[in-house]
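# Remarks on the overall topology
Spelled out, the chains give:
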Amino acid sequence: MSEDVRLVAWVRGRVQGVGFRWFTRAKALEIGGLSGFALNLGDGRVQVVAEGSREGCQGLLDWLQGDDTPGRVEGVTEIWDTPRGGYDGFAVR
C-alpha cells in the first residue's frame, strides 16, 4: 500500500504570466489522485502544494524540475510532510 504524503514546492524562475499554474494543475490531474493547489507568490515564485501518494507527488516534483514546464524554471525547493487534507481536487489560486 502506498504511503500518502504532502509535498510543498516553491518554484523560482520565469514562472508567472506563462500559464505555469494551469499546466501544473493539468499535470496533477494527469497523474491522478493528487489534491492541492498552485499559487503565485508576490516575489515571483509559484508555490505548489500536493497531497496524495508518494509516487504521484514525486512524479509532479520530477515534472516541476524537468524541461517540459512552461516558462523557465531556475530551481525548486521542496519539503515533505504528512498530509493535512481539506483540499477538493487540485486548484489554481
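Here, the structure is the one placed above.
None of the values given here were measured: they were computed from a predicted structure.

### Some words on the sheet that holds strand 2 (residues 35-40)
Pairing is mixed in the open sheet, where five strands are placed in the order 4-1-3-2-5. Unpaired on one side and paired on the other, strand 4 (72-81) and strand 5 (90-92) mark the two borders of the sheet. Geometrically, the sheet is characterised by an average inter-axis angle of 15° between neighbouring strands, direction not taken into account. As paired elements, strand 2 and strand 5 share three bridges and run parallel to each other. Its bridge partner lying in strand 5, Phe37 is registered against Ala91. Sheet strands touched by helix 1 (residues 20-31): strand 1 (4-14), strand 2, strand 3 (46-53), strand 4 and strand 5. Its angle to strand 5, the strand with the most contacts, is close to 170°. Of the strands in this sheet, strand 1, strand 3, strand 4 and strand 5 are in contact with helix 2 (residues 54-65), which crosses strand 3 at around 155°.

### Some words on the environment of Trp10
Relative to the helices and strands, Trp10 is located in strand 1. Spatially, the C-alpha atoms of Trp10 and Val76 are 5.6 Å apart, while their sequence positions differ by 66 residues. Leaving out residues up to four positions away in the same chain, Trp10 has contacts with Leu41, Arg45, Val46, Gln47, Gly75, Val76, Thr77 and Ile79.

### Overview of helix 1
Taking 1.5 Å of rise per residue, the twelve residues of helix 1 would be expected to cover 16 Å, and the 16 Å separating its terminal C-alpha atoms lies within 8% of that figure. Those residues of helix 1 not exposed but buried are Phe20, Thr24 and Ala28. Buried residues of helix 1, viewed axially, fall in a sector of 75°; they line one side. Away from its buried face by more than 90 degrees, helix 1 exposes Trp22 and Glu30. Residues of helix 1 that are buried make contact with strand 1, strand 2, strand 3, helix 2, strand 4 and strand 5. Just beyond helix 1, the residue with positive phi is Gly32, at close to 85°.

### As for the packing of aromatic side chains
Scanning the entire structure with this criterion turns up two aromatic pairs. Measuring from centroid to centroid gives 6.2 Å for Phe20 and Trp63, while their planes differ by 35°, and the two rings are tilted. On the criterion of sequence distance, the pair formed by Phe20 in helix 1 and Trp63 in helix 2 is long-range, its members being 43 residues apart. Each member of the pair, Phe20 together with Trp63, is buried. Ring centres of Phe37 and Tyr87 lie 5.8 Å apart, and the angle between their planes is 55°; on these two criteria the pair is classed as tilted. With Phe37 in strand 2 and Tyr87 in the loop between strand 4 and strand 5, the pair connects residues that are 50 residues apart, well separated along the chain. Note on Tyr87: relative accessible area 22%, which makes it partly exposed.

How each quantity is defined
- Residues numbered from 1 in each chain as written.
- Predicted model: local features only at pLDDT ≥ 70, side-chain atom pairs only at ≥ 80, totals over all residues.
- Heavy atoms only, no water.
- Pairing = 2+ DSSP bridges.
- Helix = DSSP H or I, 4+ residues; strand = E, 2+ residues; numbered from the N terminus.
- Axes fitted to C-alpha atoms, helices over the stretch in contact; angles between N-to-C directions.
- Contact = heavy atoms within 4.5 Å.
- Expected span 1.5 Å × (residues − 1).
- Buried < 20%, exposed > 50% of the residue type's maximum accessible area, 1.4 Å probe, protein only.
- Arc of directions from axis to C-beta.
- Phe/Tyr/Trp six-rings, centres within 6.5 Å; stacked < 30°, edge-to-face > 60°.

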